[in-house]
Amino acid sequence: SVPKKAWCCKHVGRACAPVPMPHLPPPDPFNCAVDWATWGTTWTIAKKQWCCKHHGKACGKPPAQYDCNAGWANWQAGWSPGKKAFCCKHVG
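Sequence order sets the numbering: in each chain, residues are counted from 1 along the sequence as written. In view of the model being predicted, local features appear only for residues whose pLDDT reaches at least 70, and side-chain atom pairs are presented and counted only at 80 or more, with totals across whole chains, interfaces and linings using the full set of residues. As a rule here, side-chain values cover all heavy atoms of the structure and leave hydrogens and water aside.

Novice: I tried to follow the layout of surface pockets on my own but got confused; where do I start?
Specialist: The probe, sized like a water molecule, is rolled over the atoms to show the empty space still left. Here a cavity denotes grid points, spaced 1 Å and computed from the protein atoms alone, that fit a 1.4 Å probe unable to get out, and a pocket denotes an open set having protein on both sides within 12 Å along at least 5 of 7 lines; residues with an atom within 4 Å of a point are the lining. Grid points are joined across faces, edges and corners, and a volume is the space filled by probe spheres set on the points. By volume, the second largest pocket is sized at about 170 Å³. Lining the second largest pocket, in full, are Ala-37, Cys-68, Asn-69, Trp-72, Trp-75, Trp-79, Lys-84, Cys-87, Cys-88, Val-91 and Gly-92. Here the element with the most residues in the lining of the second largest pocket is helix H5 (residues 81-90); it accounts for three residues. Grouping the constituent residues of the lining of the second largest pocket by class yields eight nonpolar, two polar and one charged. By definition, any uninterrupted DSSP run of H or I lasting at least four residues is a helix, any uninterrupted run of E lasting at least two residues is a strand, and each is numbered from the N terminus. Residues are sorted three ways: Asp, Glu, Lys and Arg are charged, Ala, Val, Leu, Ile, Met, Phe, Trp, Tyr, Cys and Pro are nonpolar, and all the rest, Gly among them, are polar.

Novice: Where do I start with the state of the cysteines in this structure?
Specialist: Among covalent bonds in proteins, the disulfide is the one between the sulfur atoms of two cysteines. When the sulfur atoms of two cysteines come within 2.5 Å, that pair is taken as a disulfide. Scanning all chains against the criterion turns up four disulfides. Covalent S-S linkage joins Cys-52 and Cys-59, the inter-sulfur distance amounting to 2.0 Å. As the torsion about the S-S bond is roughly 115°, the Cys-52-Cys-59 disulfide counts as right-handed. For each residue, the accessible area found with a 1.4 Å probe, counting protein chains only, is set against the maximum for its type, and the residue is called buried under 20%, exposed over 50%, and partly exposed in between. The exposure class of Cys-52 is partly exposed, given its relative accessible area of 27%. Each bonded cysteine of the chain gets a number by its place in the sequence, and the pairs then read 1-2, 3-4, 5-6, 7-8. With no disulfide of its own, Cys-8 lies closest to Cys-9 among cysteine sulfurs, the gap being 8.8 Å.

Novice: Looking at this model, I keep getting lost on H5. Mind explaining?
Specialist: Turn by turn, an α-helix covers 3.6 residues, leaving residues three or four places apart pointing in a common direction. By the burial criterion, the buried members of H5 are Lys-83, Phe-86, Cys-87 and His-90. Projected down its long axis, H5 shows its buried positions confined to an angular sector of 95°, all on one face. Along H5, exposed side chains directed more than 90 degrees from the buried face belong to Pro-81, Cys-88 and Lys-89. Every residue pair with non-hydrogen atoms within 4.5 Å of one another is taken to be in contact. On the buried face of H5, the contacting elements are helix H2 (39-42). By arc we mean the arc of the directions from the helix axis to the C-beta atoms, nothing more.

Put into structure tokens, the structure is as follows:
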């Protein structure tokens, strides 16, 4: 009976109604951190659009103000403050 099940559930932890699992959203179709440094040439159009819409990344093409690959090995000492700011903002 329902009253007996309620009593058993409350006092013994038996005959309790199943608790529904929370509905989880589907996983992201893309990982926007993967290949971020080369998104302009390695990402598909679908990944660019999704990452732009959901994370604000890869929205358009970064202006070619600086070549962020040039001098990468010595960026801390060799890059100007302007290049550091630009590459940090546009390439990551």
